[in-house]
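Coordinate analysis (summary)
Listed here are the chains, written in short residue letters.
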Amino acid sequence: MKEGVSKKEAVNIREDIPALRMAAETWRPAQVLHWAFQTFGDTVAISSAFGAEGMVVIDIASRLQESFRLFTLDTEFLFPETYSLMDRVEQKYGIAIERVFPLLPPEEQERSLGPALWQRDPDQCCNIRKVEPLRRKLGELQAWVTSIRRDQTAARATAGKIEWDEKFGLVKVNPLADWSSKQVWQYIREHEVPYNALHDLSYPSIGCTHCTRAVRPGENPRAGRWAGYSKTECGLHVIEPATEAQG
Ligand code: SF4
C-alpha cells in the first residue's frame with residue numbers, strides 16, 4: 001500500500017473536489033474506491049458499522065486490494081450479532097478492524113452523567129460515544145470512506161461520491177451514494193457477502209441496542225432508530241452551517 005498524499009497535495013485535492021465530485025457521478029463504486037486507495041494510500045480508511053451497505057463496501061474493497069484500513073466506532077452498546085459479524089469480517093477478509101472506543105466507559109458515563117443517558121439526552125450520548133471518537137480517528141486520516149446512500153435520510157440526499165467534509169476537515173468518499181437498497185441486497189446475494197443476522201429479523205438499520213428496534217411492516221427502514229425521538233442521525237453525517245459526519 002502506498003503512502004498518502006502530502007499536506008500540500010491535500011490542499012490541491014481540496015481545490016479539485018468540485019470537479020472530482022462531478023466526474024465521480026458516473027463512476028461505479030469500485031472506481032470510486034480505487035481512486036481513494038490510489039490517492040490516499042494508508043491515510044484513507046473505511047468507516048463501518050457493518051450494516052448491509054457497509055458490508056458491500058468492504059467486499060468491493062477486498063476485490064481491489066488485499067489490505068485496506070477499516071475502522072468502527074465501538075460504542076460498547078452494540079448487539080451480540082454485530083460483534084459476531086465483526087469477527088467474521090476479520091476472518092473472511094484477513095484484516096484487523098481498528099476499534100475506536102469512547103473516552104468514557106459505560107460505567108463511568110453512568111457515574112458522571114446518570115443512568116440511561118440515551119433516553120434523556122441521546123444527542124449527548126451520541127456525542128460521547130460516536131462523534132468524539134470519530135473526530136479523534138479522523139484526525140489521523142486524509143480521507144474516510146462511508147457507506148451512506150442518498151435515499152436513507154434527508155441529510156444524506158445531497159451526498160457526493162467524493163466531497164469535502166467541512167465538519168471534520170478531510171475528504172469524504174461515499175461510493176454507494178447513488179445506490180438503492182435493492183442494489184445493495186442484490187450485490188450481497190450475488191457475491192455471498194456475510195451480513196448481520198438481525199437484518200433477517202426486521203432490523204434494516206442497526207445501531208446500539210438501546211436505540212434500535214425492529215421495524216413494523218410498511219415503516220420507513222430507519223424508523224427503528226431512535227424510535228420516539230425526532231433524531232434521525234447520530235451527527236456523523238450532518239453538515240453544520242458555517243463550520244462545518246456510521247450512524
Ligand atoms: S445510538 Fe443511543 S446508545 Fe448509541 S451512542 Fe447514540 S444515544 Fe447512545
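Residues numbered from 1 in each chain as written. Predicted model: local features only at pLDDT ≥ 70, side-chain atom pairs only at ≥ 80, totals over all residues.

**Some thoughts on the overall build of the protein**
What the protein contains, in helices and strands, is 8 helices and 6 strands. Listing each helix as α and each strand as β along the protein from the N terminus yields α-α-β-α-β-α-β-α-α-α-β-β-β-α. (Helix = DSSP H or I, 4+ residues; strand = E, 2+ residues; numbered from the N terminus.)

**Describing the nonpolar core**
Ala-36, Val-44, Ala-143 and Trp-144 are the most contacted members of the largest nonpolar core, which has 53 residues in total. With residues near it in sequence (within four places) discarded, Val-44 still touches Ala-36, Phe-37, Arg-69, Leu-141, Gln-142, Ala-143, Trp-144 and Val-145. (Core = buried A, V, L, I, M, F, W, Y, C linked by C-beta atoms within 7 Å. Buried ≥ 20, exposed ≤ 12 C-beta atoms within 10 Å, placed from the backbone. Contact = placed C-beta atoms within 7 Å.)

**A look at the pairing of strand E2 (residues 69-73)**
Among the 5 residues in E2, 5 count as buried, and that is most of the element. Bridge analysis of strand E1 (residues 44-47) against E2 gives 3 bridges, and the strand direction is parallel. The residue of E2 that forms the bridge with Ala-45 is Arg-69. Handedness of the E1-helix H3 (residues 52-64)-E2 crossover: right-handed. Summarising the sheet, E2 and strand E3 (residues 98-100) pair through 3 bridges and their orientation is parallel. Among the inter-strand pairings, Leu-73 is bridged to a residue of E3, identified as Val-100. (Pairing = 2+ DSSP bridges. Right-handed = clockwise from strand over helix to strand, strands pointing away.)

**Quick word on the packing of H3 against helix H8 (residues 181-190)**
Two elements in contact, H3 and H8, have axes whose closest approach is 9 Å; the angle formed by their N-to-C orientations is 55 degrees. With respect to H8, the element H3 is oriented oblique. Every pair of crossing elements has a handedness; the one defined by H3 and H8 is left-handed. Facing H3, whose interface residues are Ala-52, Glu-53, Met-55 and Val-56, H8 presents Val-184, Trp-185, Tyr-187 and Ile-188. For the contact of H3 with H8, a count of residues per class yields 7 nonpolar, no polar and 1 charged. (Axes fitted to C-alpha atoms, helices over the stretch in contact; angles between N-to-C directions. Parallel < 35°, antiparallel > 145°, perpendicular 65-115°, else oblique. Left-handed = near helix turned anticlockwise from the far one by under 90°. Nonpolar A, V, L, I, M, F, W, Y, C, P; charged D, E, K, R; others polar.)

**A look at the sheet that holds strand E4 (residues 143-145)**
Read from one edge of the open sheet, 6 strands run E3-E2-E1-E4-E6-E5, paired in mixed fashion. Of all the strands in the sheet, the pair left with one neighbour each is E3 and strand E5 (162-165). Looking at each pair of strands side by side, their axes are set apart by 30 degrees on average, direction ignored. Taken together, the 3 bridges between E1 and E4 define a ladder with parallel strand orientation. Paired with Val-44 across the two strands is Ala-143, which belongs to E4.

**Comments concerning unusual backbone geometry**
Although it is not a glycine, Phe-50 adopts a positive phi angle of roughly 65 degrees. Within the fold, Phe-50 resides in the loop between E1 and H3. Owing to 26 C-beta atoms within 10 Å, Phe-50 belongs among the buried residues under this scheme.

**Observations concerning the environment of Thr-72**
Structurally, Thr-72 is set in strand E2. Sequence separation between Thr-72 and Glu-98 is 26 residues, and the spatial gap between their C-alpha atoms is 6.3 Å.

This is a description of form; function is not addressed.
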